[in-house]
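Report on the structure
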Amino acid sequence: MRDLVEMAFDPADVAIVPGRAAAKAKRGRTVTVNRAESPLAWFAARGLVDARQVEAGERLRRDYEIAQLGPRVTMQWDAVRVDGGGRGGGDGGDPTLSHVAARRRFDAAIAAAGGGLSDILWRVVCAGEAIPAAERALGWPGRAGRLVLGLALDRLADHYGLMRAP
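On a predicted model such as this, the values are computed, not experimentally measured, just so you know.

Criteria and thresholds
- Residues numbered from 1 in each chain as written.
- Predicted model: local features only at pLDDT ≥ 70, side-chain atom pairs only at ≥ 80, totals over all residues.
- Heavy atoms only, no water.
- Phe/Tyr/Trp six-rings, centres within 6.5 Å; stacked < 30°, edge-to-face > 60°.
- Helix = DSSP H or I, 4+ residues; strand = E, 2+ residues; numbered from the N terminus.
- Buried < 20%, exposed > 50% of the residue type's maximum accessible area, 1.4 Å probe, protein only.
- Salt bridge = Lys/Arg side-chain N within 4 Å of Asp/Glu carboxyl O.

Let us look at the packing of aromatic side chains. Each aromatic ring pair is specified by the distance between its two centres and by the angle formed by the two planes. Inspection of the entire model under this criterion finds two aromatic pairs. Ring centres 5.3 Å apart and planes at 85° place the aromatic pair W42 and F43 in the edge-to-face group. Aromatic pair Y64 and F106: ring centres 5.7 Å apart, planes at 50°, arrangement tilted. Within this pair, whereas Y64 is found in helix α3 (residues 51-66), its partner F106 is found in helix α4 (residues 95-113), the two being separated by 42 residues in sequence. Each member of the pair, Y64 together with F106, is buried.

Moving on, we get to the environment of V5. Locating V5 in the fold gives a position in strand β1 (residues 4-10). A relative accessible area of 18% means that V5 is categorised as buried. Taking C-alpha positions, V5 is 6.6 Å from N34, a pair spaced 29 residues apart along the chain.

Pairing is possible between side chains of opposite charge, provided their charged atoms come close. In the structure shown here, the tally under the stated rule is seven salt bridges. Notably, a salt bridge pairs D158 with R52, separated by 2.3 Å at the nearest N-O pair. With D158 in helix α7 (residues 144-160) and R52 in helix α3, this residue pair connects regions lying 106 residues apart in the sequence. Judged by relative accessible area, D158 falls into the partly exposed class, the value being 48%. For R52, a relative accessible area of 9% translates into the label buried.

Okay, structure coming up:
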């Protein structure tokens with residue numbers, strides 16, 4: 001399934017912001033994102049998590065990606081400058097400061113989730129593991145992962161101050 005959406009980069013945070021692609025396309029870069037690739041989107045499509053939990057999980061994953069905490073697959077070519085121009089088309093954002101800020105937000109969110117809950121958050125939300133694989137890796141019984149993930153996402157949403165729907 002493909003759920004493509006155009007997103008713009010926010011130069012202050014080097015993050016993607018949905019819904020502002022047309023307005024920022026003239027000033028910055030845009031990217032097309034498949035929202036269906038997220039494990040949280042899979043759960044949301046089946047009614048297993050609510051919008052508050054999805055928002056909390058996507059905030060965590062965004063900070064994980066901005067902080068570049070995932071493993072590198074290829075060489076980093078960021079330092080190579082061919083045209084002599086500014087980085088990122090002159091958007092004014094300092095990537096190093098953005099990485100550090102995102103890392104601090106990520107660490108604070110993981111700490112707020114607490115021991116035991118942070119493991120399932122990282123595996124499913126950030127690393128994109130399926131629940132059965134995460135359960136096996138953590139040594140949990142089958143079907144426990146979905147319940148614990150829901151609790152972890154609730155605690156994460158509380159950390160972010162997201163309000164429950166009436």
